[in-house]
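Fold and contact review
What follows is each chain in one-letter form.
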Amino acid sequence: FADLRGKTDATLLLTNVRKDDEGLYRVRVYNNYGDEVYSEATRLEVTDPLPKVIEPDSIAVNKTVYHFWNNPEGQGEIWDKVYVIRKEGSEPLVVDDDSASVVYDGTGTSFIDTNLDEGIYYYAFYTYKDIGNNVVYSGPEVAGPVEIPAKYNKECVTVKAGPDQP
């Protein structure tokens, strides 16, 4: 339960709702005196999930990863932008993964991730829609693993040919 004492407005996010859950709902809370207080009736409308990014592909060259994908139909109407998250070592399956980094936020169909250190990286591609106080994300499409191998720097030795060497 959230502590809403002193609040005059709050946001309630419902997840895993189905189309047949639509209807009028009221929220019941208890005030500081333990009395039940009900919100005004609000209509719950269940929308279709956002479309996912199509066929993301990632190619590593040296310390750079090139990303390409196709956007679904409906940009601007159904979804706003593509959001790409990078995580080292495992798949970033939630948008707010604290150990992942946002590396792209836009409407294009490609980007280049540069200056990466040695490691194995995974990328999750989401579409999202900003609906006022909330942002709704599609499920992830994951690309990876993408490996940035260690570079072995070997010392270069120059040998001059002498009378005993060919």
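Note that this is a predicted model, so its numbers are computed, not measured.

Take the confidence of the model for the chain next. Summary statistics for the chain give a mean pLDDT of 80 and a share of 80% for residues scoring 70 or more. Within the chain, strand β9 (residues 110-113) carries the highest mean pLDDT (95), whereas strand β11 (residues 134-137) carries the lowest (77).

One pass over the structure, following the stated rule, counts five salt bridges. Across the pair R28 and E36 runs a salt bridge, and its minimum N-O distance is 3.5 Å. D80 is paired through a salt bridge with K129; the nearest N and O atoms lie 3.2 Å apart. Here K129 lies in strand β10 (residues 119-131) and D80 lies in the loop between β6 (64-70) and β7 (81-88), a separation of 49 residues in the sequence. Residue D80 is classed as buried on the basis of its relative accessible area, which comes to 19%.

Even without being a glycine, E55 presents a positive backbone phi close to 50°. Positive phi, close to 55°, is recorded for N115, a residue that is not glycine. Among the secondary structure elements, N115 is positioned in the loop between β9 and β10.

Next up on the list: the sheet that holds strand β5 (residues 54-61). Spatially, the three strands line up as an open sheet ordered β5-β6-β9, and their pairing is antiparallel. Each edge of the open sheet carries a strand with a single partner, namely β5 and β9. Sheet twist, expressed as the mean angle between neighbouring strand axes with direction ignored, is 15°. Summarising the sheet, β5 and β6 pair through six bridges and their orientation is antiparallel. Among the inter-strand pairings, I59 is bridged to a residue of β6, identified as Y66.

Moving on, we come to the packing of aromatic side chains. Throughout the structure, instances matching the rule amount to eight aromatic pairs. Each ring, one from Y128 and one from Y137, has its centre 5.7 Å from the other, and the planes form 45°; the classification is tilted. Classification of Y137 as partly exposed rests on a relative accessible area of 30%. An aromatic cluster is present here, built from W69, Y104, F111 and F125 joined pairwise through their rings.

Grouped together as the largest cluster of nonpolar side chains are 16 residues, with contacts concentrated most on W69, V82, V84, Y123 and F125. Looking at this core, the elements that each hand over two or more residues are β6, β7, β10 and β12 (141-148). Those residues in contact with V82 that sit more than four places away from it in its chain are V53, W69, N71, Y104, D105, G106, Y126 and T127. Residues I85, A100, Y126 and Y128 belong to the second largest nonpolar core, which totals six residues.

Let's shift gears to a negative patch on the surface. Together, E88, D117, E118 and E147 give the surface a local cluster of negative charge. If you trace the backbone, D117 turns up in the loop between β9 and β10. For D117, a relative accessible area of 53% gives the class exposed.

The rules behind each value
Chains are numbered independently. Their residues run from 1 in the order of the written sequence. Only residues with pLDDT of 70 or above have their local features reported here, since the model is predicted, and side-chain atom pairs are shown and tallied only from 80 upward, although totals for entire chains, interfaces and linings are computed over all residues. The basis for every side-chain value is the complete set of heavy atoms in the structure, and neither hydrogens nor water enter the calculation. Note: pLDDT gives the predictor's confidence per residue, expressed from 0 to 100. What counts as a helix is a DSSP run of H or I of at least four residues, what counts as a strand is a run of E of at least two, and both are numbered from the N terminus. The term salt bridge refers to a pairing of a side-chain nitrogen on Lys or Arg with a carboxyl oxygen on Asp or Glu at a separation within 4 Å. Working definition: with a 1.4 Å probe on protein chains only, accessible area under 20% of the residue-type maximum means buried, over 50% means exposed, and in between means partly exposed. Two strands are said to pair when DSSP picks up at least two bridges between them. Geometry is summarised by axes, namely lines fitted to C-alpha atoms with helices restricted to the contacting stretch, and by angles between N-to-C directions that run from 0 to 180 degrees. Centres within 6.5 Å make a pair out of two Phe, Tyr or Trp rings, where for Trp the six-membered ring is used; the pair is then stacked when the planes are under 30 degrees apart, edge-to-face when over 60, and tilted otherwise. Buried Ala, Val, Leu, Ile, Met, Phe, Trp, Tyr and Cys residues form a nonpolar core when they are joined through side-chain atoms within 4.5 Å. Contacts were defined at the residue level, with two residues in contact if any of their heavy atoms lie within 4.5 Å. Any residue with relative accessible area above 30% and no salt bridge may belong to a patch, with like charges joined within 9 Å and the nonpolar Val, Leu, Ile, Met, Phe, Trp and Tyr side chains within 5 Å. Here the accessible surface of atoms and residues is derived via Shrake-Rupley with a 1.4 Å probe, and residues count as covered only by protein chains that are part of the display. In this tally, Asp and Glu contribute negative charge and Lys and Arg positive charge; neither His nor the terminal groups of the chain are included. By convention, the charge on Lys lies at NZ, on Arg at CZ, on Asp at CG and on Glu at CD.

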